[in-house]
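# Remarks on the overall topology
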Amino acid sequence: MDSKLRGILANTLDIDSEELDDNASQKNMSEWDSFAHMAIVSALEEEFKIDLTLEEIMEMESLQKIKQVLVKKLC
């Protein structure tokens, strides 16, 4: 899941996946604005065949938080 998630983020943010480390977040990446966030949400829902709640969407402000939400949704 980790490599797939990194690929989705890199593709959506139009960056190389090697630029994404475990600390990647909206706070430290200028590419990750509100528009990109919604594109990430859409890509995640499509790729993992899930529906995210507004609370989950708001919570996913970093790579680590996205992983946590996905683990909860997919288990």
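Check the entry above for the structure.
All values reported here derive from a predicted model rather than from experimental measurement.

## What about a nonpolar patch on the surface?
A cluster of nonpolar side chains, namely M1, V71 and L74, defines an oily patch on the protein surface of about 250 Å² accessible area. Along the chain, V71 turns up in helix α4 (residues 63–74). For V71, a relative accessible area of 41% corresponds to the partly exposed category.

## Concerning α4
Look at α4: 16 Å from first C-alpha to last across twelve residues, which is about the 16 Å you get at 1.5 Å a residue. Buried within α4 we find L63, I66, K67, V69 and L70. Looking straight down α4, one finds that the buried residues subtend no more than 165° of arc, so they occupy a single side. Packed against the buried residues of α4 are α1 (2–13), α2 (34–48) and α3 (54–59).

## Observations regarding the nonpolar core
Core analysis: the largest hydrophobic core is formed by 23 residues, its most contacted members being L9, L44 and I66. Of all the elements in the fold, those that place two or more residues in this core are α1, α2 and α4.

## Some remarks on the side chain of S62
Relative to the elements of secondary structure, S62 occurs in the loop between α3 and α4. Here S62 is in contact with A24, S25 and W32, once residues within four sequence places are set aside.

## A closer look at the environment of D51
Take D51: it is sitting in the loop between α2 and α3. For D51 and D16, which are 35 residues apart along the polypeptide, the C-alpha to C-alpha distance reads 27 Å. Residues within four places of D51 in sequence aside, it is in contact with E45, E56 and K73.

## Looking at the packing of α2 against α4
Where α2 contacts α4, the two axes come as close as 12 Å, and the packing angle between them is 30°. On the basis of the axis angle, α2 is roughly parallel to α4. Between α2 and α4 lies a crossing whose hand is right-handed. Along its contact with α2, which presents I40, L44 and F48, the element α4 presents I66, L70 and L74. Of the residues contributing to the contact of α2 with α4, the split by class is six nonpolar, no polar and no charged.

What counts, and where the lines are drawn
- Residues numbered from 1 in each chain as written.
- Predicted model: local features only at pLDDT ≥ 70, side-chain atom pairs only at ≥ 80, totals over all residues.
- Heavy atoms only, no water.
- Patch = residues over 30% accessible without salt bridge, like charges linked within 9 Å, V, L, I, M, F, W, Y side chains within 5 Å.
- Areas by Shrake-Rupley, 256 points an atom, 1.4 Å probe, with all protein chains shown as cover.
- Salt bridge = Lys/Arg side-chain N within 4 Å of Asp/Glu carboxyl O.
- Helix = DSSP H or I, 4+ residues; strand = E, 2+ residues; numbered from the N terminus.
- Buried < 20%, exposed > 50% of the residue type's maximum accessible area, 1.4 Å probe, protein only.
- Expected span 1.5 Å × (residues − 1).
- Arc of directions from axis to C-beta.
- Contact = heavy atoms within 4.5 Å.
- Core = buried A, V, L, I, M, F, W, Y, C linked by side-chain atoms within 4.5 Å.
- Axes fitted to C-alpha atoms, helices over the stretch in contact; angles between N-to-C directions.
- Parallel < 35°, antiparallel > 145°, perpendicular 65-115°, else oblique.
- Left-handed = near helix turned anticlockwise from the far one by under 90°.
- Nonpolar A, V, L, I, M, F, W, Y, C, P; charged D, E, K, R; others polar.

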